[in-house]
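# Analysis of the macromolecular model
These are the residues of each chain, in order.
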Amino acid sequence: MIRHGSWLLALVVMSSTASAQSTRERLDALELRVTQTEQLLQGSALAELSTRIDQLESQLRALRGELETQANEQAALRKQLTDLAGELDRRLVAAPVPVAVPAPVATASPPAAAAPATAAPAAAASAAAATSPASTAPKAAPAAAEPDTLGPVQRYQLAFEALRAADYPKATAGFDDMIARYPDHALATNARYWLGRSLVLQQDHARAVDAFAAALAGPLESARVPDAMLRKAQSELQLGRRDAASATLQQLIERFPDSEPARQARGLLTQAGTAR
């Protein structure tokens, strides 16, 4: 009876052990599958991420290439405009601007008897114009600005041609218009310098001082700087601004001591009695 019980107990133990081993094997197999699945998922995500990074790097390289191309094109355009400005200036300097002398205008004296007869209608017309509704009506609003069909370079050239032809009012208006339309253009600083030159020739020294000051504040061609300073001081002297002129001349001498404008500046200081 005891032997029979022992055998039954051993059978139960063996069955339990086999069941435990089977469960452990299933657990191990399940853990292996989970691990493999995680590895597969990680590998897929990494591959997708790597592909995305490659795409972004390719796009970044393309954008950098476009930016570099645009930068090179802009640099080339700026150089062309600077060269053009220098060439135009050299041509103008090579051909001195003539001083315009207005031709005498012949005037015919009207008959003495006809003067009263013509004066009365003129006075009546002036009175009618002063009291007419049209004279008191507000001015019509200016039309909308049309697109510029000329462009900055052509406007600069037209103003230059007017200056060379001694048509100083037209040159002044042309440079003013070009600067107003394109204040940041590569030619705008040189336009301010030549605007000052045009104004000096019209004895408009107040505006000339402002034009030369604006040119000196911008990237003016280095060869023009001492000349602009000298002409600014000359206009300041014309306006009676002796202290401002003295300061400009002293600065010119300090910055460009060996230049021809500096030599003239020393003479002006001596003549004005403002040498220091």
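Preceding this section is the structure that the text describes.
All of these numbers come straight from a predicted model, not from anything done at the bench.

## Focus on the packing of helix H7 (residues 205-217) against helix H8 (residues 225-238)
It is the contact of H7 with H8, at a shortest axis distance of 9 Å, that shows an interaxial angle of 155°. Here H7 is positioned roughly antiparallel relative to H8, judged by the angle of their axes. Here the hand of the crossing between H7 and H8 comes out left-handed. Counted together, His 205, Ala 208, Val 209, Phe 212, Ala 213 and Leu 216 of H7 and Val 225, Ala 228, Met 229, Arg 231, Lys 232, Ser 235, Glu 236 and Gln 238 of H8 form the full contact between these two elements. Residue composition of the contact of H7 with H8, grouped by class: 8 nonpolar, 3 polar and 3 charged.

## So, the side chain of Thr 172
Checked against the element boundaries, Thr 172 lands in helix H5 (residues 168-181). On the accessibility criterion, Thr 172 (7% relative accessible area) is buried. If we skip the residues at most four places from it in the chain, Thr 172 touches Leu 195, Ser 198, Leu 199, Gln 202 and Arg 207.

## Examining unusual backbone geometry
In this structure, Ala 166 is a non-glycine residue whose phi angle is positive, near 65°. Counting through the fold element by element, Ala 166 comes out in the loop between helix H4 (152-164) and H5. By relative accessible area, which is 14% here, Ala 166 ends up buried.

## Describing the packing of H5 against helix H6 (residues 188-201)
Interhelical geometry of H5 versus H6 gives an angle of 155° and a closest axis separation of 9 Å. For the element pair H5 / H6, the angle class is roughly antiparallel. Classified by chirality, the crossing of H6 by H5 is left-handed. Touching Tyr 168, Ala 171, Thr 172, Phe 175, Asp 176, Met 178 and Ile 179 of H5 are Ala 188, Ala 191, Arg 192, Trp 194, Leu 195, Ser 198, Leu 199 and Leu 201, all from H6. Its residues placed into classes, the contact of H5 with H6 shows 11 nonpolar, 2 polar and 2 charged.

## Structural notes on the packing of aromatic side chains
Inspection of every chain in the model, using the stated rule, returns 6 aromatic pairs. Among the aromatic residues, ring-to-ring pairing joins Tyr 156, Phe 160, Phe 175, Tyr 193, Trp 194 and Phe 212 into one connected group.

## Observations concerning the environment of Ala 245
In this fold, Ala 245 is placed in helix H9 (residues 242-255). Note on Ala 245: relative accessible area 0%, which makes it buried. Once the C-alpha coordinates of Ala 245 and Lys 232 are considered, the two residues, 13 residues apart in sequence, prove to be 7.7 Å apart. Not counting residues within four places of it along the chain, the set of residues in contact with Ala 245 comprises Ala 233, Glu 236 and Leu 237.

## Considering H6
For H6, built from 14 residues, the straight-helix expectation of 20 Å at 1.5 Å per residue is met to within 8% by its first-to-last C-alpha distance of 20 Å. For H6, the tally of buried residues reaches 11 of 14 residues, placing the bulk of the element in the interior. Every buried residue belonging to H6 is among Ala 188, Thr 189, Asn 190, Ala 191, Arg 192, Tyr 193, Trp 194, Leu 195, Gly 196, Ser 198 and Leu 199, and all of these are buried. Gln 203 sits one or two residues past H6 and shows a positive phi near 65°.

## Focus on the side chain of Arg 155
Looking at the element boundaries, Arg 155 is found in helix H4. Here Arg 155 falls in the buried class, since its relative accessible area comes to 16%. Not counting residues up to four positions away in its chain, the partners in contact with Arg 155 are Asp 148, Leu 150, Asp 177, Met 178, Arg 181 and Tyr 182.

## Focus: the pattern of salt bridges
Any two side chains of opposite charge can pair, given that their charged atoms come close. Counted according to the given criterion, the structure contains 7 salt bridges. For the salt bridge of Arg 197 with Asp 227, the shortest nitrogen-to-oxygen distance reads 3.9 Å. Of the two residues, Arg 197 is situated in helix H6 and Asp 227 in helix H8; the sequence distance between them amounts to 30 residues. With relative accessibility at 17%, the residue Asp 227 sits in the buried group. Connected through salt bridges with shared partners, the residues Arg 155, Asp 177 and Arg 181 form a single ionic network.

What counts, and at which threshold
Residues numbered from 1 in each chain as written. Predicted model: local features only at pLDDT ≥ 70, side-chain atom pairs only at ≥ 80, totals over all residues. Heavy atoms only, no water. Axes fitted to C-alpha atoms, helices over the stretch in contact; angles between N-to-C directions. Helix = DSSP H or I, 4+ residues; strand = E, 2+ residues; numbered from the N terminus. Parallel < 35°, antiparallel > 145°, perpendicular 65-115°, else oblique. Left-handed = near helix turned anticlockwise from the far one by under 90°. Contact = heavy atoms within 4.5 Å. Nonpolar A, V, L, I, M, F, W, Y, C, P; charged D, E, K, R; others polar. Buried < 20%, exposed > 50% of the residue type's maximum accessible area, 1.4 Å probe, protein only. Phe/Tyr/Trp six-rings, centres within 6.5 Å; stacked < 30°, edge-to-face > 60°. Expected span 1.5 Å × (residues − 1). Salt bridge = Lys/Arg side-chain N within 4 Å of Asp/Glu carboxyl O.

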